[in-house]
Amino acid sequence: MSFAQPSYLWALLGLLVPIAIHLWSKKEAKTIKIGSVQLLSESKSRQSSSIQLNEWWLLLLRMAIISLITLVMAKPQWQSKVNNSKLTYIVEPEFAKNEKFMARFNDLQADQEIRLLQSGLPINDTEYANSEDFNSADYWSFASEMDALQTDSIIVFTNGYAKGLKGPRPETNHHINWIVLDSAQTVEKPLIAYQKEKNITLFTANNSPVASKIATKYIELGDVYQLTSNGDSLQVLSSNSNSTKIPLIQQPALEVSLVYAESLSADKRYITAALAALSTYLNREIKVESSLDNEVLKNKESDLTIWLSTKPALVSARKKLVFKNDTISNALIIKGEDENTFYITERITTENAVSGRLTENLLSILDVNKEVKELQAKADIRSVTEADLKTNFIENKASKTHKASWSLNPYLWVVLLVLLFVERFVAYKRTQ
């Protein structure tokens, strides 16, 4: 037996209270002088013994009540040995949907089980196997959960995605055998499409275990590419006659507010030229609204606010690029105190516009096609080796026998209520 809250056992010192009360209440008998005892009936020794016995019963009952209250607070648990499974297989959920792969477990023995590499490591079940959330695997987190499994050996079948390695390599009490099912095949997956007037640009991820790339191409609607009924998605028909539905986004023009001082008008021309080059490269309109710093009355919420002035910049809820001379910095554009603030550290010239990669920095700040990057991260299938997945094994010197625990509190409450009734009954009989 063990206790969930053993610190409450100190309350057993309260047993001294009824003992002290019992000893304090025992006083010497009062002597009464009488002339003759002839008229007095003989004392009933049996009745006297009964009174003394009731006193002792009350003492024991009250000590038992205090003990039970203490045990209830300490939450005792009864433990019994549980047999470990001899071998546990853990598989990626997408493998569980593959009948050919699962056929290898047809001769599974009674002391072996199959679990899914999902949160909680559930037993293989159709409900879990049909889940499509296969890209949120955190292998180190699952390795820590495997320590709680009541098994002697663990074999994990996994894709070994590189994005599943998050944080430091954990230490585990189990020898975990990771088997990475590698595939050299390149998977082409349509991610998203952008529409500008009648032109549609399709972004496709070309993924393999060693690389992840994005390809773009202009498409025309027809047998392979079709719009859905509501027009917000694109139906893509693959070579094996399977269709995939991807989002179709109408790309609005990017809006840039450019505020400048007369002394920095040359810098303005370089930035305007860089934005024009980006518009051609992205095939997307970039609207630049320029104004002098003494003409600005209020801030306009644009995709990017560029502040080429020594005056304090207006507060912007979106991204802003502010001129702030910094002779120490070696970069033309640096990141500010938050993710939406950037600084131009020196006057822009023909030389540093090229060496400082002005156009590339502006592209990075605008962060166009953000949805493509998020979808690519989910479709990434780059994998690592089995050695990369190997956890640090630590020998557990304690007993490896797993035990199951059951709370004894429900039974203790019943016994406590019974003792309270008995104590009140004995106390009532004593006063009679």
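In this text, all values refer to a predicted model and were calculated from it rather than measured experimentally.

*Asks:* What is the right way to read the pairing of strand S16 (residues 304–308) from this model?
*Replies:* A regular strand places its side chains on the two faces of the sheet in alternate fashion. Burial within S16 is extensive, with five of its five residues counted as buried. Alternating residues of S16 divide into Leu304, Ile306 and Leu308 and Thr305 and Trp307, and every residue in both groups is buried. Of the pairings in the sheet, the one linking strand S14 (residues 254–260) to S16 comprises five bridges and is parallel in character. Of the residues in S16, the one forming a bridge with Ser257 is Thr305. By the bridge criterion, four bridges tie S16 to strand S17 (residues 319–323) in an arrangement that is parallel. From the neighbouring strand, Thr305 faces S17, where its bridge partner is Lys320.

*Asks:* What exactly am I supposed to notice about the sheet that holds strand S12 (residues 233–237) here?
*Replies:* Reading across from one edge, S10-S9-S8-S13-S12-S11 is the order of the six strands in this open sheet, with mixed pairing throughout. The open sheet has two edge strands with one neighbour each: strand S10 (212–219) and strand S11 (225–227). Ignoring which end each strand starts from, the neighbouring axes of this sheet average 30 degrees apart. Alignment of strand S8 (residues 187–196) against strand S9 (residues 199–207), held across nine bridges, turns out to be antiparallel. Directly across from Tyr194, in S9, lies its bridge partner Thr201. Strands S8, S9, S10 and strand S13 (243–250) of the sheet are contacted by helix H10 (residues 370–379), whose axis makes an angle of about 165 degrees with S8.

*Asks:* Just to check I follow, could you spell out the pairing of S8 for this structure?
*Replies:* Following S8, the chain reverses through two residues before pairing antiparallel with S9; Glu197 in that reversal takes a positive phi of roughly 60 degrees. Here S8 runs beside S13; their pairing, made up of three bridges, is parallel. Looking at the pairing, Gln195 lines up with Gln250 of S13.

*Asks:* Before we go on, may I ask you to explain the confidence of the model for the protein in this structure?
*Replies:* Any region with low pLDDT has predicted coordinates that should not be read closely. Averaged over every residue, the pLDDT of the protein is 81; the share at 70 or more is 83%. Confidence scores differ between elements of the protein, with helix H5 (residues 126–129) showing the lowest mean pLDDT of 51 and strand S19 (residues 341–344) the highest of 94.

*Asks:* Can you help me understand the nonpolar core in this one?
*Replies:* As a rule of thumb, nonpolar side chains are buried together in soluble globular proteins. Judged by nonpolar contacts, the single largest core of 27 residues is most densely connected at Ile271, Ile306, Leu308, Leu321 and Ile344. The set of elements that each furnish at least two residues to this core consists of S14, helix H7 (265–282), strand S15 (286–292), S16, S17, S19 and helix H9 (358–366).

*Asks:* Please clarify how the side chain of Asp267 should be interpreted in this entry.
*Replies:* As for its position among the elements, Asp267 is in helix H7. Its relative accessible area of 1% is what places Asp267 among the buried residues. At a separation of 2.7 Å, a polar atom in the side chain of Asp267 contacts the side chain of Arg347. Within the structure, the side chain of Asp267 is placed 2.7 Å from the backbone nitrogen of Ile348, a separation counted as a polar contact. When residues no more than four places from it in sequence are discounted, the contact partners of Asp267 are Leu308, Glu346, Arg347 and Ile348.

*Asks:* What am I meant to see in the pattern of salt bridges here?
*Replies:* Side chains that differ in charge, positive against negative, can pair when their charged atoms come close. Overall, the coordinates contain seven salt bridges when judged by the stated rule. Ionic pairing is found between Glu113 and Arg115, a salt bridge with its closest N-O pair at 3.0 Å. One salt bridge in this structure joins Lys373 and Asp367, with 3.1 Å as the shortest N-O distance. Residue classification places Asp367 among the partly exposed residues on the basis of a relative accessible area of 22%.

*Asks:* Sorry if this is basic, but what is going on with the packing of aromatic side chains here?
*Replies:* Note on aromatic pairs: each is described by the distance of the centres and the angle between the planes. The full count for this structure, using the stated rule, is eight aromatic pairs. A ring pair is formed by Phe101 and Phe157, whose centres lie 5.5 Å apart and whose planes are at 80 degrees; its orientation type is edge-to-face. One end of the pair, Phe101, is in helix H4 (residues 99–102); the other, Phe157, is in strand S5 (residues 154–158), with 56 residues separating them in the sequence. Taking the centre distance of 5.9 Å and the plane angle of 75 degrees together, the rings of Phe105 and Phe157 count as edge-to-face. One end of the pair, Phe105, is in the loop between H4 and strand S4 (112–116); the other, Phe157, is in strand S5, and 52 residues separate them in sequence. Three or more aromatic residues joined by ring pairs make a cluster, and in this case those are Tyr89, Phe95, Phe101, Phe105 and Phe157. The residue whose ring lies beneath Lys163 is Tyr161, and the NZ or CZ to ring-centre distance is 5.3 Å. Above the plane of the ring of Tyr260 lies Lys268, whose end atom (NZ or CZ) is 5.2 Å from the centre.

*Asks:* What is the right way to look at the sheet that holds S14 in this model?
*Replies:* What holds strands together in a sheet is hydrogen bonding between their backbones, with the strands either parallel or antiparallel. In space, the six strands of this open sheet follow the order S15-S14-S16-S17-S19-S18, with mixed pairing throughout. With one partner strand each, in any of the chains shown, S15 and strand S18 (333–335) form the two edges of the open sheet. On average, each strand axis in the sheet is inclined to that of its neighbour by 20 degrees, with strand direction left out of account. Along the sheet, H7 contacts S14, S15, S16 and S19; its crossing angle with S14, the most-contacted strand, is approximately 170 degrees. Contacting S14, S16, S17, S18 and S19, H9 runs over the sheet at an angle of about 145 degrees to S17.

*Asks:* Hey, could you run me through unusual backbone geometry in this one?
*Replies:* Here the phi dihedral of Lys75 falls at roughly 55 degrees; this positive angle occurs in a residue that is not glycine. As for its placement among the helices and strands, Lys75 is situated in the loop between helix H2 (45–74) and strand S2 (76–81). Positive phi is not limited to glycine here, since Asn283 has a value of about 55 degrees. Looking at the element boundaries, Asn283 is found in the loop between H7 and S15.

Basis of the calculations
Residues numbered from 1 in each chain as written. Predicted model: local features only at pLDDT ≥ 70, side-chain atom pairs only at ≥ 80, totals over all residues. Heavy atoms only, no water. Buried < 20%, exposed > 50% of the residue type's maximum accessible area, 1.4 Å probe, protein only. Helix = DSSP H or I, 4+ residues; strand = E, 2+ residues; numbered from the N terminus. Pairing = 2+ DSSP bridges. Axes fitted to C-alpha atoms, helices over the stretch in contact; angles between N-to-C directions. Contact = heavy atoms within 4.5 Å. pLDDT = per-residue confidence, 0-100. Core = buried A, V, L, I, M, F, W, Y, C linked by side-chain atoms within 4.5 Å. Polar contact = N/O pair within 3.5 Å; in protein donor to acceptor, adjacent residues only side chain to side chain. Salt bridge = Lys/Arg side-chain N within 4 Å of Asp/Glu carboxyl O. Phe/Tyr/Trp six-rings, centres within 6.5 Å; stacked < 30°, edge-to-face > 60°. Lys NZ or Arg CZ within 6 Å of the ring centre and 35° of its normal.

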